[in-house]
Amino acid sequence: MPEPTGPPERGVREAELPMVDARQVHKSYGRLEVLKGIDLTVGRGAVLCLIGPSGSGKSTFLRCINHLEKIDGGELFVDGDLVGYRQSGNRLHELKDREVCSKRAEIGMVFQRFNLFPHMSALDNVLAGPVWVKKAPGGPSKERARELLARVGLADKVDNYPNQLSGGQQQRVAIARALAMEPKLMLFDEPTSALDPELVGDVLDVMRDLAGTGMTMIVVTHEMGFAREVGDTVVFMDAGVVVEQGDPRRVLTEPEHERTRSFLAKVL
Amino acid sequence: MIAGPGAGPPGGRRDGGEDAGSLKIVPVRHPGRWVASAVILVLLAMLVDTLVFSHLTRGGVREGRFQWGVVGSYLFDPSVLRGIVVTLELTVIAMGVGIVLGVLLAVMRLSASRLLSGTAWLYIWFFRGTPVLVQIIFWYEGISYLYPHLSFGVPFGPSFVTVSANSLDTAFVAGVLGLSFNEGAYMAEIVRAGIISVDEGQTEAAQSIGMSRAATLRRIVLPQAMRVIIPPTGNETISMLKTTSLVYAIALTDLFTATQNISNRNYEVVPLLMVASLWYLFFTSLMTVGQYYIERYYARGSTRSLPATPFQRLRQGLFRIRPQTPSPLTDPPLARPHA
């Protein structure tokens, strides 16, 4: 059983608050309950890897953190703020569209199918956030966008359109696009699942480097090697609940639960 | 090594140690194609004959069957040219209003609000369900009959400006209203199809970097929807140019009405119908060229490399007078230089 966490103490210094704090998070689509009370905390600078069979609610949980889905029950805090609401006095106001947008701008997200904007060059994809959302000046933003593309190993692909890039290159552009917003938290939704096996390594290398810079990351993945090597915590989810979590070396090698064991037996 | 043309038949079976390169290649024959070509050529010859060379005796006078002289003498008649201006004005205004209405209605139909999507549905149902000729005549007769005084102001409150319907150019206004309201309904469906053709992941990606709904629609969804929206919109514009001729029914002197007015006086009915047709053909041809270039522009990112335009191909054809087989002395090697 996950250890219950205490309520956030408002007096605690911000730096000591966890980046993500989920308590009994519930989410249903119609009658189908996808999340059945998720309890999780992700510390600042930590890398949390979410593993589990498909349909276990991993992606849904990730999307809830980024306001792409609304939770039906429980509490979800990101950086000390309740997701989807603004507290004033003893009332919770539902966030307006504009406020949701500014919250999303602080969280980077990388999708399984890249979702690059196909009508824009790699550089313009990376520039979209800074220029259109942050209204940053074009010149310095371009400089920084080029730096980011160089950092993911694509300095020579700046002017290419997404369909001129391989899957792995597209996913690295997508990571650069998310990083351009200078997020405090990065969410990865099965970032290598749509890639040819030989392209997976490049993307994982970029993610490993990113983890090395102290970025807080939540990674939904089937790459157990990455989870073991880079993850600070591994969380195994099944059927909408957290079955087991802890140190990757322990969870992946000596799982306590039968369900974790049978899952790992299939993927390892 | 890259084989040049004529270097030998690929896939040829080598029997008895013979060099396949020395054998003669017999191309596949297409006898059906030759027969069809002969039939088409005869039909074309008949068409040219009847259009250009054929003569006829009408009322004791022997003249060309199609009277191209008469056609030519009215082609640039001032009243025809004035009619062309009206036709083009109607086309541009009706398409402009139609497109704006279409985008608005499409966004309304996709809205989460039942009232908005229902209103858009009702609009499309009504204007797509009644003939555009009826709508044009309805507005023409209806404006002064139903609303003799048009006022602008607070709904159910005081009005600031009141215009008498008689002071308007009723025929032109009715033409514009009838054509553009009808067009709005069709454009709405075209734009909606374009919007829903864009992958949902695009919206999510845009939202994930903090873009607002409006910005996502304008910067991400609509530019990609354009690839789906442009071809049918081109068809709609071409169709609109011709549909404007319906204003004949409300005596608005567009191109078609202008030619009809002339033939009502001189009874040269067929030549003047040809004058109108030639002008319609001229403008629809222009639009087809414009559509080609607009489609090319919005194809960015959907094809790896754009095919050359007809002009580019013509230029390449004119300035590349080279031997068909590459010469090792004058031509650069076909292999990549940095290989």
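Scroll up a little and you will see the structure.
Procedures and definitions
- Sequence positions are assigned chain by chain, starting from 1 and proceeding in written order.
- Chain letters start at A and ligand numbers start at 1, both assigned in the order the entries are written.
- A pLDDT threshold of at least 70 governs which residues receive local features in this predicted model, and a stricter bar of 80 or more applies before side-chain atom pairs are shown or counted, although totals over entire chains, interfaces and linings include all residues.
- Working from all heavy atoms in the structure, the side-chain values ignore hydrogens and water.
- Being paired, for any two strands, means DSSP has found at least two bridges between them.
- Secondary structure elements are taken from DSSP: a helix is a run of H or I of four residues or more, a strand is a run of E of two residues or more, and numbering for both begins at the N terminus.
- By definition in these notes, contact holds between two residues if any of their heavy atoms fall within 4.5 Å.
- Buried area is a sum: the accessible area each of two parts loses on coming together, probed at 1.4 Å, counted once for each and added.
- The working definition used for a salt bridge is a side-chain nitrogen of Lys or Arg within 4 Å of a carboxyl oxygen of Asp or Glu.
- In this count, Pro and Cys sit with the nonpolar residues alongside Ala, Val, Leu, Ile, Met, Phe, Trp and Tyr, while Asp, Glu, Lys and Arg are called charged and the others, Gly among them, polar.
- Helix axes use the C-alpha atoms of the stretch in contact, all axes being lines fitted to C-alpha atoms, and the angles between their N-to-C directions lie in the range 0 to 180 degrees.
- Using a 1.4 Å probe on the protein chains alone, a residue whose accessible area is under 20% of its type maximum counts as buried, one over 50% counts as exposed, and one in between counts as partly exposed.
- Directions from the helix axis toward the C-beta atoms define the arc.
- Put simply, angles under 35 degrees are roughly parallel, angles over 145 are roughly antiparallel, angles from 65 to 115 are roughly perpendicular, and the rest are oblique.
- With a 1 Å grid spanning the protein atoms alone, the term cavity applies to any set of points in which a 1.4 Å probe fits but cannot get out, the term pocket to an open set with protein on both sides within 12 Å along at least five of seven lines, and the term lining residue to any residue with an atom within 4 Å of a point.
- Grid points are joined across faces, edges and corners, and a volume is the space filled by probe spheres set on the points.

### What to know about the pairing of strand 2 (residues 61–64) of chain B
Residue and element names in this part refer to chain B.
- One ladder, built from four bridges, connects strand 1 (residues 55–58) with strand 2; its direction is antiparallel. Following the sheet pairing, H55 is matched in strand 2 by G64.
- Turn length for the strand 1-strand 2 hairpin, with the two strands adjacent in sequence and antiparallel, is two residues, and the turn residue G59 shows positive phi of about 55°.

### Examining the interface of chain B and chain A
- Across the contact, 22 residues belong to chain B and 26 residues belong to chain A.
- Summed over both sides, the interface between chain B and chain A buries roughly 2100 Å², with carbon and sulfur atoms accounting for 54% of that surface.
- Counting the contacts that link chain B with chain A gives three salt bridges.
- Close ionic contact of R113 of chain A with D199 of chain B constitutes a salt bridge, the shortest N to O distance being 3.8 Å.
- Elements with a contribution of two residues or more to the side of chain B that touches chain A: helix 7 (200–208) and helix 8 (213–243) of chain B.
- In the side of chain B that touches chain A, the residues fall into six nonpolar, 10 polar and six charged.

### With respect to the side chain of Q207 of chain B
- Among the structural elements, Q207 of chain B can be located in helix 7.
- Other than its neighbours up to four places away in sequence, Q207 of chain B contacts L68 and R104 of chain A.

### Section: the sheet that holds strand 9 (residues 185–189) of chain A
Residues and elements named next belong to chain A.
- In spatial order, the strands read 8-9-10-3-11-12; together these six strands make up an open sheet with mixed pairing. Only two strands of the sheet have a single neighbouring strand rather than two, namely strand 8 (107–110) and strand 12 (241–246). Each strand axis lies, on average, 15° off the axis of its neighbour in the sheet, ignoring direction.
- As judged from the four bridges shared by strand 3 (residues 47–51) and strand 11 (residues 233–238), these two strands associate in the parallel manner. Bridge pairing in strand 11 links I51 to F236.
- Running at roughly 170° to strand 8, helix 5 (residues 167–179) makes contact with strand 8 and strand 9 of the sheet.

### Observations regarding the environment of M215 of chain A
Residue and element names in this part refer to chain A.
- Looking at where M215 falls in the secondary structure, it is placed in the loop between helix 6 (197–212) and strand 10 (216–220).
- The class for M215 is buried, based on a relative accessible area of 12%.
- For the pair M215 and A46, spaced 169 residues apart in the sequence, the C-alpha separation amounts to 7.3 Å.
- For M215, the contacting residues outside a window of four places in its chain are G45, A46, V47, L179, P183, K184, L185, M186 and L210.

### Points about helix 9 (residues 258–267) of chain A
All names here are of chain A.
- All buried positions along helix 9 are accounted for by T260, F263 and L264. Buried positions in helix 9, seen along its axis, are confined to an arc of 95° and lie on one side of it. Opposite the packed face of helix 9, turned more than 90 degrees from it, sit the exposed residues E258, A265 and K266.
- Packed against the buried residues of helix 9 are strand 3, helix 7 (224–230), strand 11, strand 12 and helix 8 (248–253).

### Considering the packing of helix 3 (residues 78–109) of chain B against helix 9 (residues 255–266) of chain B
Residue and element names in this part refer to chain B.
- Packing of helix 3 against helix 9 brings their axes to within 7 Å, and their N-to-C directions diverge by 155°. If you check the angle between helix 3 and helix 9, you find them roughly antiparallel. Along its contact with helix 3, which presents S79, V80, G83, I84 and T87, the element helix 9 presents L255, A258, T259 and I262.

### Here we look at the side chain of R172 of chain A
- Following the sequence through the fold, R172 of chain A ends up in helix 5.
- If we ignore the near neighbours within four places in the chain, the residues touching R172 of chain A are V152, G153, L154, D202, V203 and V206 of chain A.

### Some details on the sheet that holds strand 1 (residues 20–29) of chain A
All names here are of chain A.
- Strand order in the open sheet formed by four strands is 2-1-4-5, and the pairing between neighbours is antiparallel. The open sheet is flanked by strand 2 (32–42) and strand 5 (81–82), the only strands paired with a single partner.
- Bridging between strand 1 and strand 2 involves eight bridges; their strand directions are antiparallel. Each bridged residue has a counterpart across the sheet, and for D21 the counterpart in strand 2 is T41.
- Helix 1 (residues 58–65) contacts strand 1, strand 2 and strand 4 (73–78) of the sheet and is inclined by roughly 65° relative to strand 2.

### Points about empty space enclosed by the protein
Residues and elements named next belong to chain A.
- Applying the stated criterion across every chain yields a total of two cavities of 30 Å³ or more.
- Of the volumes computed, that of the largest cavity is approximately 80 Å³.
- Along the walls of the largest cavity sit I65, H67, V78, D81, L82, V83, G84, K103, E106, I107 and K184, which together make up its complete lining.
- Residues of the lining of the largest cavity, tallied by class, amount to five nonpolar, two polar and four charged.

### Observations regarding the pattern of salt bridges
- The tally for this structure, following the rule as stated, stands at 26 salt bridges over all chains.
- For D81 of chain A, the salt bridge is made with K103 of chain A, and the minimal N-O distance between the two is 3.0 Å. Note that D81 of chain A is positioned in strand 5 and K103 of chain A in helix 2 (residues 97–104), a separation of 22 residues in sequence.
- With its nearest N and O atoms 3.5 Å apart, the salt bridge here joins E256 of chain A to R250 of chain A.
- The exposure class of R250 of chain A is partly exposed, given its relative accessible area of 26%.
- When salt bridges that share partners are traced, they join K27, R63 and E69 of chain A together with E204 of chain B into one network.

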